Amino acid sequence: MREVIQCLIDWLDSETSDEKGHRILRALAQESLKKSEFEESKRRFTADEIVAAIGESIGNADPKKWIDWSGSLKKYCETRELQIIEFARKRGLPRYPKPERKSTKGGPGRHTTFYIKAEPIPEIMEEDQSIKYMRVGNEAADLQAHYQMTALGEVKPSWISSWLFRHGQIELRQWYVWVVLGWLLAIGAFAVLIFLVGWLSLSVPKPVTTQDITLLMSIFGIPYGAWVAIIRPWLLLFDDRIISAHELLTNFYEKPAQLELLRDGNLRVIRLVRYSAPCPICGATINLEKGEPDFRRRLVGRCYESPREHVFSFDRITRRGLLLIER
């Protein structure tokens, strides 16, 4: 049994990932390796024990719900089972490691546990089997992503924007909106002023120098940079209600986040949030990213493991998404 469990650990090492499913499997395998000489009933671990072995803070979340076997973890294991089988086959092992769950009817002292069992390696690897894992009922239209939003304040802002998102959001009172609009107009006017001054300077007949070339580049570069980096994102936020948050607004270790505009009467609130979902195809995490070049001016869900193939739409109201790329 020790060789079988070590096989899973070595496979995880060969497929480096920071996905939650990957971290859960590693913790389960490492804890199982410590008890590899014991019988199966003594190599089972509760959700709390696995979370403790991961050594990661999950806040106030319930460990059972955080592991989410029925949702993403089971799918994560199933779609990688063929790879693990082939990895064990190359090692000459007669069995391969397969993560399983032992459920109970509940009650005092009865907990759902997770363990690794040794399954015989099949003699023939059917090619069609991998296709069945990649499709649910062979109907791509049935594949839906169910997005969840992080709790307010869970997405950590960068030190530059921490004074803005003190509680994970900015409350825009009416005068705040006017200040923002005035600020955007001032930036726009300054860019236009630079354009005009530069244009008038170059209109004077004289030999072209390096300074003139630099000025010419500034005439177009500064206004364009102000539009792309400052003015356009704010206009898109007020128009589309949700946009991708710039990397400068979030902590270096944070995954892609979004700026979301909410309306509550006369109050406008800008929240720093993250929408994500388990991929219904492979079980990895779906994060929202820009849809360009295929889906212009849209936020789409891209799978962490296959961002160009497992692409889903995003509806912030229903929090659901459909598969956008036909398989």
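Please refer to the structure higher up on the page.
Residues numbered from 1 in each chain as written. Predicted model: local features only at pLDDT ≥ 70, side-chain atom pairs only at ≥ 80, totals over all residues. Heavy atoms only, no water.

Engineer: What exactly am I supposed to notice about helix 1 (residues 2-14) here?
Structural biologist: For helix 1, which comprises 13 residues, the first-to-last C-alpha distance of 18 Å matches the rise-based estimate of 18 Å (1.5 Å per residue) to within 8%. Those residues of helix 1 not exposed but buried are Val4, Ile5, Cys7, Leu8, Ile9, Asp10, Trp11 and Leu12. (Helix = DSSP H or I, 4+ residues; strand = E, 2+ residues; numbered from the N terminus. Expected span 1.5 Å × (residues − 1). Buried < 20%, exposed > 50% of the residue type's maximum accessible area, 1.4 Å probe, protein only.)

Engineer: Where do I start with the packing of helix 2 (residues 20-34) against helix 3 (residues 47-54) in this structure?
Structural biologist: Angle between the axes and distance between the axes: these two values describe a pair of packed helices. Viewed as axis vectors pointing N to C, helix 2 and helix 3 meet at an angle of 100°, and their least axial separation amounts to 9 Å. With respect to their mutual orientation, helix 2 and helix 3 come out roughly perpendicular. Within the contact between the two elements, helix 2 uses Arg23, Ile24, Ala27, Leu28 and Glu31 and helix 3 uses Ile50, Ala53 and Ile54. (Axes fitted to C-alpha atoms, helices over the stretch in contact; angles between N-to-C directions. Parallel < 35°, antiparallel > 145°, perpendicular 65-115°, else oblique. Contact = heavy atoms within 4.5 Å.)

Engineer: Just to check I follow, could you spell out unusual backbone geometry for this structure?
Structural biologist: Where the residue is not glycine, phi is negative for most of them; where a peptide bond is considered, it is trans in most cases. Omega for the bond connecting glutamate 292 with proline 293 falls within 30 degrees of zero, at 5°, which places this linkage in the cis form. Mapped onto the fold, proline 293 is located in the loop between strand 11 (285-290) and strand 12 (299-303). If you check the backbone angles, aspartate 68 has positive phi at about 55° while not being a glycine. For aspartate 68, a relative accessible area of 27% gives the class partly exposed. A positive phi is found at arginine 241, a non-glycine position, where the angle reads about 75°. Mapped onto the secondary structure, arginine 241 falls in the loop between helix 8 (210-240) and strand 7 (242-244).

Engineer: Would you mind showing me how to read the sheet that holds strand 2 (residues 95-102) here?
Structural biologist: Note: strands within a sheet are paired through backbone hydrogen bonds, in either parallel or antiparallel orientation. Strand order in this open sheet of three strands is 1-3-2, and the pairing throughout is antiparallel. Both edges of this open sheet fall to strand 1 (45-46) and strand 2, since each of them pairs with a single strand only. Looking at chain direction, strand 1 and strand 3 (residues 113-120) are connected through two bridges and run antiparallel. Bridged to phenylalanine 45 within strand 3 is phenylalanine 114. In this fold helix 1 packs onto strand 2 and strand 3, with an angle of close to 85° to the strand it touches most, strand 2. (Pairing = 2+ DSSP bridges.)

Engineer: Would you take a moment to explain the packing of aromatic side chains for this structure?
Structural biologist: Aromatic rings considered in pairs are described by the distance between their centres and by the relative angle of their planes. Scanning the entire structure with this criterion turns up four aromatic pairs. Here tryptophan 69 and phenylalanine 114 contribute two aromatic rings whose centre-to-centre distance is 6.1 Å and whose plane-to-plane angle is 55°, an arrangement assigned as tilted. Remark: phenylalanine 114 occurs in strand 3 and tryptophan 69 occurs in helix 5 (residues 69-90); sequence separation between them is 45 residues. For the pair shown, tryptophan 69 and phenylalanine 114 are each scored as buried. Ring centres 5.0 Å apart and planes at 85° place the aromatic pair tyrosine 147 and phenylalanine 314 in the edge-to-face group. Of this pair, tyrosine 147 sits in the loop between strand 4 (144-146) and strand 5 (148-149) while phenylalanine 314 sits in the loop between strand 13 (311-312) and strand 14 (320-322), placing them 167 residues apart in sequence. Given the relative accessible area of 4%, tyrosine 147 is considered buried. Following the ring pairs from residue to residue traces out a cluster consisting of Tyr147, Tyr275 and Phe314. Here lysine 255 stacks its cationic end above the ring of tyrosine 304, 5.4 Å away from the centre of that ring. (Phe/Tyr/Trp six-rings, centres within 6.5 Å; stacked < 30°, edge-to-face > 60°. Lys NZ or Arg CZ within 6 Å of the ring centre and 35° of its normal.)

Engineer: I'm lost on the side chain of serine 158 in this one. Help?
Structural biologist: Assignment of secondary structure puts serine 158 in the loop between strand 5 and strand 6 (169-172). Here leucine 248 takes part through its backbone oxygen, which lies 2.4 Å from a polar atom of the side chain of serine 158. Residues in contact with serine 158, not counting those within four places in the same chain, are Leu248, Leu249, Thr250 and Asn251. (Polar contact = N/O pair within 3.5 Å; in protein donor to acceptor, adjacent residues only side chain to side chain.)

Engineer: Looking at this structure, how should I read a nonpolar patch on the surface?
Structural biologist: Residues Trp159, Ile160 and Leu248 make up a contiguous nonpolar surface patch of about 400 Å² in total accessible area. Residue position: leucine 248 is located in the loop between strand 7 and strand 8 (258-264). Relative accessible area serves as the criterion here: at 53%, leucine 248 is assigned to the exposed category. (Patch = residues over 30% accessible without salt bridge, like charges linked within 9 Å, V, L, I, M, F, W, Y side chains within 5 Å. Areas by Shrake-Rupley, 256 points an atom, 1.4 Å probe, with all protein chains shown as cover. Salt bridge = Lys/Arg side-chain N within 4 Å of Asp/Glu carboxyl O.)

Engineer: Can you walk me through helix 5 in this structure?
Structural biologist: Working note: α-helix, 3.6 residues per turn, so residues spaced by three or four point in the same direction. Considering bend angle alone, the principal kink of helix 5 is centred on glutamate 81 and spans about 45°. Among the residues trailing helix 5, glycine 92 stands out with phi positive, at a value near 80°. (Bend = angle between axes of the 7 residues up to and from the residue.)

Engineer: Explain the nonpolar core here, please?
Structural biologist: As a rule of thumb, soluble globular proteins bury nonpolar side chains together. If you look at the biggest cluster of nonpolar residues, it comprises 32 residues, and the most contacted ones within it are Leu8, Ile24, Ile50, Trp66, Ile67 and Phe114. Of all the elements in the fold, those that place two or more residues in this core are helix 1, helix 2, helix 3, helix 4 (63-67), helix 5 and strand 3. The dominant element in this core, judged by the number of residues it contributes, is helix 5, at seven residues. Counting 18 residues, the second-largest nonpolar core is a separate cluster that includes Tyr147, Tyr275, Ile281 and Leu288. (Core = buried A, V, L, I, M, F, W, Y, C linked by side-chain atoms within 4.5 Å.)

Engineer: Help me out: how do you make sense of the sheet that holds strand 12 in this one?
Structural biologist: Spatially, five strands are ordered 5-10-11-12-13 in an open sheet, and the strand pairing comes out antiparallel. Of all the strands in the sheet, the pair left with one neighbour each is strand 5 and strand 13. One ladder, built from two bridges, connects strand 12 with strand 13; its direction is antiparallel. Pairing of arginine 302 across the sheet is with valine 311, part of strand 13.

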